[in-house]
Amino acid sequence: MPAADGFRMPGEFEPHRGCWMLWPKRPDNWRENARPAQAAFAAVAAAIHASDPVTMAVAPECYDEARTLLAPGIRVVEIESDDAWMRDTGPTFVVDDSGHSRAVDWRFNAWGGSLDGLYWPWDRDDAVAGEVARVEGVERYRAPFVLEGGAIHVDGEGTLITTEECLLSDGRNPDLTRTRIEELLRAYLGVSTIVWVPRGVFRDETSGHVDNLLHVCAPGVVALSWTDDREDPQYERSAEALACLQAARDARGRAFEIVKMPMPGPLFMSADEAAGIEAADSGMSRQAGERLAASYCNFYIGNTRVVFPLLDPAHDGTARGLLTKLFPGREIVGVPGREILLGGGNIHCITQQVPVSGNGTGGANGNAR
């Protein structure tokens, strides 16, 4: 297992040698045959590429359209997938003190399998992590349990934060106890301290991914989605998380510095937006008027930039200002995020960083054109 081999998951703020994304295409999740989402993904890729080299994985039939829309210099690799959430279907990279990296390939079942998964089948998504590891030229650990990258945040120094709502959900690993899940997290990610918060963002269809609720910005520093509106269902969720974080200590014994990040909106799907989504038998459901799980904590930390979603003119500026204080050495870049939000996530959900390491081919083995 990775920890026994001397590997750990680094913090997202540590140096990267690249970033992976997946091209959206399924018409029962992305409106108007995913055209608006593709433009949004291309904008996110261009913003990140100025900081970290970006690889976009695309289905073979989408190669030409992706190459046309993506900025020059962004690598395009042919990999089949069921949807476009690289954070959850891609590998989690771990590193050792000698500068080597390997990939952890979690089992994926569309956020809940046959019980409450969002679509079926999901076999191509479950194979994405192995394909990314192959292209990167790194060895891979196939984990024996279901987990998505968006379900965890780490500080690179032994601390992991997750939600009970997600990792203890019946649709993922019903036969595993909380104690056993903690053992596996320690074994596969090289962490020692696990901080549980109860729930994620209200109406988050991933069953409360932690990456939509908060973001670890540096060791001991956490940005937390927050609203002061006690009538908003999110207030209780954020207050619970705040209490847990205030009571906890990280792996180095530090109390957390918690920065409250305002919630956008509330935001809701419009009738026009819902009308552009095709009905299907895959299990997906999108309805006009449903609340969107919007969060400014769903951002990407690059080597020289932080790329965050623009979601609400009333709060975009405040979010930018807080990120500027949290990341004084990085440029803060906002990219319109509503089209990504309509599909169920945002910028952090559609990206996966590749940490700097001393091995790997950097993609020489990929089927790129």
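To be clear, the structure that these remarks concern was listed above.
Chains are numbered independently. Their residues run from 1 in the order of the written sequence. Where local features are concerned, this predicted model is filtered to residues with pLDDT of at least 70; where side-chain atom pairs are given and counted, the filter is 80 or more; whole-chain, interface and lining totals use all residues. Only heavy atoms go into the side-chain values, all of them from the structure, while hydrogens and water stay out.

**Remarks on the packing of aromatic side chains**
Using the following cut-off: Two aromatic rings, drawn from Phe, Tyr or Trp (for Trp, its six-membered ring), form a pair once their centres lie within 6.5 Å of each other, and the interplanar angle then sorts them: stacked below 30 degrees, edge-to-face above 60, tilted otherwise. Numbering of helices and strands runs from the N terminus, with a helix taken as a DSSP run of H or I at least four residues long and a strand as a DSSP run of E at least two residues long. As a reminder, the over-ring test applies to NZ of lysine and CZ of arginine, requiring each to be within 6 Å of the ring centre and within 35 degrees of the ring normal.
This structure, assessed with the given rule, holds ten aromatic pairs. When the ring of Trp-106 is compared with that of Phe-145, the centres are 5.5 Å apart and the planes differ by 75 degrees; the resulting orientation is edge-to-face. Placement of Trp-106 in strand β5 (residues 101-107) and of Phe-145 in strand β6 (residues 140-146) is noted, with a sequence separation of 39 residues between them. Against the face of Tyr-119 rests Arg-26, its NZ or CZ located 4.4 Å from the ring centre. For Lys-260, the ring lying beneath its charged end belongs to Trp-226, and the centroid distance is 4.0 Å.

**A look at the nonpolar core**
Threshold: As used in this record, nonpolar core signifies buried Ala, Val, Leu, Ile, Met, Phe, Trp, Tyr and Cys residues forming a set joined through side-chain atoms within 4.5 Å. Note on exposure labels: buried denotes an accessible area under 20% of the residue type's maximum, exposed denotes more than 50%, and partly exposed covers the range between, all computed with a 1.4 Å probe on protein chains only.
Grouped together as the largest cluster of nonpolar side chains are 53 residues, with contacts concentrated most on Trp-20, Met-21, Trp-23 and Leu-70. For this core, the secondary structure elements donating two or more residues are β1 (16-22), α1 (35-49), β2 (54-58), α2 (63-69), β3 (75-78), α5 (123-136) and β15 (331-336). The dominant element in this core, judged by the number of residues it contributes, is α1, at eight residues. Membership of the second largest hydrophobic core comes to 46 residues, among which are Cys-217, Val-222, Leu-245 and Leu-342.

**With respect to the side chain of Arg-286**
What counts, and what does not: Any N or O atom pair separated by 3.5 Å or less is treated as a polar contact, with the protein-specific requirement of one donor-capable and one acceptor-capable atom, and with residues adjacent in sequence counted only for side-chain atom pairs. We call two residues in contact when some of their heavy atoms are within 4.5 Å.
In this fold, Arg-286 is placed in the loop between α10 (271-275) and β13 (300-301). At 2.7 Å, the side chain of Arg-286 forms a polar contact with the side chain of Glu-205. In contact with Arg-286, other than residues within four places in its own chain, are Asp-28, Asn-29, Glu-205, Met-269, Ile-277, Leu-342, Gly-343 and Gly-344.

**Overview of the pattern of salt bridges**
Where we set the bar: Between Lys or Arg on one side and Asp or Glu on the other, a salt bridge is scored when a side-chain nitrogen of the former is within 4 Å of a carboxyl oxygen of the latter.
In total, this model carries 29 salt bridges according to the counting rule given. Residue Arg-254 pairs with Glu-157 through a salt bridge whose shortest N-O separation is 2.7 Å. Note that Arg-254 is positioned in the loop between α9 (233-247) and β12 (257-262) and Glu-157 in the loop between β7 (153-154) and β8 (159-163), a separation of 97 residues in sequence. Residue class for Arg-254 comes out partly exposed when judged on its relative accessible area of 29%.

**Digging into the sheet that holds β2**
Just so we agree on the cut-off: Strands qualify as paired when DSSP identifies two bridges or more between them. In this description, a line fitted to the C-alpha atoms serves as the axis of each element, helices being fitted only across the stretch in contact, and the angle between N-to-C directions of two axes falls anywhere from 0 to 180 degrees.
Pairing within the open sheet is mixed, and its four strands lie in the order β3-β2-β1-β16. With partners counted over all chains shown, the strands left at the sheet margins are β3 and β16 (352-355), one partner each. Each strand axis lies, on average, 25 degrees off the axis of its neighbour in the sheet, ignoring direction. Relative to β2, β1 runs parallel, the two being bridged by four bridges. Within the sheet, the bridge partner assigned to Met-21 lies in β2 and is Met-56. Packing against the sheet, α5 makes contact with β1, β3 and β16, and its axis sits at approximately 140 degrees to β1.

**Observations regarding the sheet that holds strand β11 (residues 221-226)**
Sheet architecture is open: three strands sit in the order β10-β11-β12, paired in mixed fashion. Each of the sheet's edge strands pairs with one partner strand only, and the pair in question is β10 (214-218) and β12. Ignoring strand direction, the axes of neighbouring strands in this sheet form an average angle of 30 degrees. Where β10 and β11 come together, four bridges link them in antiparallel fashion. Paired with His-215 across the bridge in β11 is Ala-223. Docked against the sheet, α9 engages β10, β11 and β12, running at close to 160 degrees with respect to β11. In the packing of helix α11 (residues 316-326) onto the sheet, contacts are made with β10, β11 and β12, and the angle to β12 comes to roughly 155 degrees.

**Focus: helix α7 (residues 178-189)**
Inclusion rule: Expected span of a helix: the number of residues minus one, times 1.5 Å.
If you check α7, its first and last C-alpha atoms are 16 Å apart, about what twelve residues at 1.5 Å a residue would give, namely 16 Å. The set of residues buried in α7 consists of Ile-181, Glu-182, Leu-184, Leu-185, Ala-187, Tyr-188 and Leu-189. Residues of α7 that are buried sit in contact with β4 (92-95), β5, β6, β8, α6 (164-167) and β9 (193-197). Following α7 by one or two positions, Gly-190 has its phi on the positive side, about 70 degrees.

**Overview of the layout of surface pockets**
Formally: Of the two site types, the cavity is a set of points on a 1 Å grid over the protein atoms alone where a 1.4 Å probe fits but cannot get out, and the pocket is an open set with protein on both sides within 12 Å along at least five of seven lines, each lined by residues with an atom within 4 Å of a point. Grid points are joined across faces, edges and corners, and a volume is the space filled by probe spheres set on the points. In the scheme used here, Gly and all other residues not listed as nonpolar or charged are polar, with Ala, Val, Leu, Ile, Met, Phe, Trp, Tyr, Cys and Pro taken as nonpolar and Asp, Glu, Lys and Arg as charged.
Of the volumes computed, that of the largest pocket is approximately 310 Å³. Taken together, 18 residues line the largest pocket, and the ones lying closest to its centre are Arg-203, Asp-204, Glu-205, Glu-290 and Arg-291. Counted by class, the lining of the largest pocket contains seven nonpolar, three polar and eight charged residues. Looking at the second largest pocket, its volume works out to about 160 Å³. Around the second largest pocket sit 13 residues that line it, and Trp-226, Thr-227, Asp-228, Pro-262 and Met-263 are the ones nearest its centre.

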